[in-house]
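# Tertiary structure, described
Now for the letters of each chain:
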Amino acid sequence: MTEQLAVSGLSAGYGGPPIIEDISLTVEAGEIAVVLGPNGAGKSTLLKSIFALTAVSAGSIRLGERELAGCKTSALVPLGVSAVPQNKNVFASMTVDENLDVGTYAAPPPDQKATREKVLALFPDLRDKLKQPAGELSGGQRQMVAMGRALMSEPKLVLLDEPTAGLSPAYLERIFDLLLDIRKTGITVLMVEQNARQALQIADHGHILVNGRNHLSGTGEELLADEDVRRLFLGGTAA
Ligand SMILES: Nc1ncnc2c1ncn2[C@@H]1O[C@H](COP(=O)(O)OP(=O)(O)OP(=O)(O)O)[C@@H](O)[C@H]1O
Ligand SMILES: [Mg+2]
């Protein structure tokens, strides 16, 4: 099931002055959009706001026909929204299998066994690790557990905050390949990334945030070719 995400005029923060202001972006059904920007730009705050983990002061967040702004996080999961946070995204002392199970608590899929098989087909590396505590896995494998857990509720939209942070180049490639596999399943993906070049290469659209505001949006290709983007985010060299 695919649904468009439409964020419009979104302002949010943590109780003080707004951290993000008047943010608008659309992710077409089944597409991958990447949010880029300097440290502290408000990228994580944007994802957290969509997942109802901040105080939203203005704007709307629509998934398909449904307004999400004002819903609690616990209500968002059954509506088809899943999120993988930037840090501490697995339960280290629980096994991989148990971590995947946690993904079903807020919104049990109709056929949990079938969903689990689908998730393990996407992340075959996890098959022989199912009984291991997630904390014993490598960073890349833990990221797969976190992504797998997020997919266990059969989401329409997945929010991913820096899925490749701290990973070796080999795992980084693997995670980006997995994102393309997830795209093939029709799930809409909104992710934050620091690895701008690779992210723009796989993304349909990119959105650059600066100081909590929209700075520039375009297709992955357009942003890869943009002079400012190259200078600020791609090390100034040709793609
Ligand atoms: N829980 C919080 N309470 C108060 N302020 C916060 C909180 N989390 C983040 N902030 C502030 O919000 C601003 C934006 O932070 P945010 O984490 O959204 O940035 P980011 O773009 O994700 O940065 P990074 O690239 O470092 O992950 C920062 O000034 C930060 O200090
Ligand atoms: Mg962040």
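See the structure shown above.
Residues numbered from 1 in each chain as written. Chains lettered and ligands numbered in written order. Predicted model: local features only at pLDDT ≥ 70, side-chain atom pairs only at ≥ 80, totals over all residues. Heavy atoms only, no water.

### Concerning the overall build of the protein
Looking only at helices and strands, the protein features 9 helices and 10 strands. Relative to a compact globule of 239 residues, whose C-alpha radius of gyration would be 18 Å, the protein shows 17 Å and is just as compact. Among the 239 residues that make up the protein, the fraction classed as buried is 51%. Considering only contacts in the protein between residues 6 or more positions apart, those separated by 24 or more positions represent 68%. By element, 50% of the accessible surface of the protein is carried by carbon and sulfur atoms, the whole surface being about 10,700 Å². (Helix = DSSP H or I, 4+ residues; strand = E, 2+ residues; numbered from the N terminus. Rg over C-alpha atoms; globule rule 2.2 N^0.38 Å. Buried < 20%, exposed > 50% of the residue type's maximum accessible area, 1.4 Å probe, protein only. Contact = heavy atoms within 4.5 Å. Areas by Shrake-Rupley, 256 points an atom, 1.4 Å probe, with all protein chains shown as cover.)

### Comments concerning the site of ligand 1
Neighbouring residues of ligand 1: 14 residues in total, closest N39, G40, K43, S44 and T45. In the environment of ligand 1, an oxygen atom lies 2.7 Å from a nitrogen or oxygen atom belonging to the side chain of K43. Contact distances for ligand 1 include 3.1 Å between an oxygen atom and a side-chain N or O atom of Q86. Counted by class, the shell around ligand 1 contains 4 nonpolar, 7 polar and 3 charged residues. (Near = heavy atom within 4 Å. Polar contact = N/O pair within 3.5 Å; in protein donor to acceptor, adjacent residues only side chain to side chain. Nonpolar A, V, L, I, M, F, W, Y, C, P; charged D, E, K, R; others polar.)

### Observations concerning the pairing of strand β2 (residues 20-27)
Sheet topology note: the strand β1 (residues 5-13)/β2 ladder contains 5 bridges and is antiparallel. For V7, the partnering residue across the bridge sits in β2 and is L25. With antiparallel pairing between neighbouring strands as the criterion, β1 and β2 make up a hairpin whose turn holds 6 residues, including G15 at a positive phi of roughly 110°. (Pairing = 2+ DSSP bridges.)

### Overview of the coordination of the magnesium ion (ligand 2)
Here the magnesium ion (ligand 2) is held by the protein donor atoms S44 (OG) and Q86 (OE1), which lie 2.0 to 2.4 Å from it. One end of the pair, S44, is in helix α1 (residues 43-50); the other, Q86, is in the loop between β6 (81-84) and α3 (96-105), and 42 residues separate them in sequence. Q86 gets classed as partly exposed once you look at its relative accessible area, which sits at 32%. (Donors = N, O, S within 2.8 Å, 3.2 Å for Na, K, Ca; no water.)

### A short note on the pairing of strand β8 (residues 188-192)
If a strand is regular, its side chains alternate between the two faces of the sheet. The buried fraction of β8 amounts to 5 of the 5 residues, a majority that puts the element mostly inside the structure. Alternating positions in β8 separate into two faces, T188, L190 and V192 on one and V189 and M191 on the other, with burial throughout. The sheet contact formed by strand β3 (residues 32-36) and β8 spans 4 bridges and is parallel. Paired with V34 across the two strands is M191, which belongs to β8. Direction of pairing for strand β7 (residues 157-161) relative to β8: parallel, over a ladder of 5 bridges. Bridging from a neighbouring strand, L160 pairs with M191 of β8. Read as a crossover between parallel neighbours, the route from β7 over helix α6 (residues 169-184) to β8 is right-handed. (Right-handed = clockwise from strand over helix to strand, strands pointing away.)

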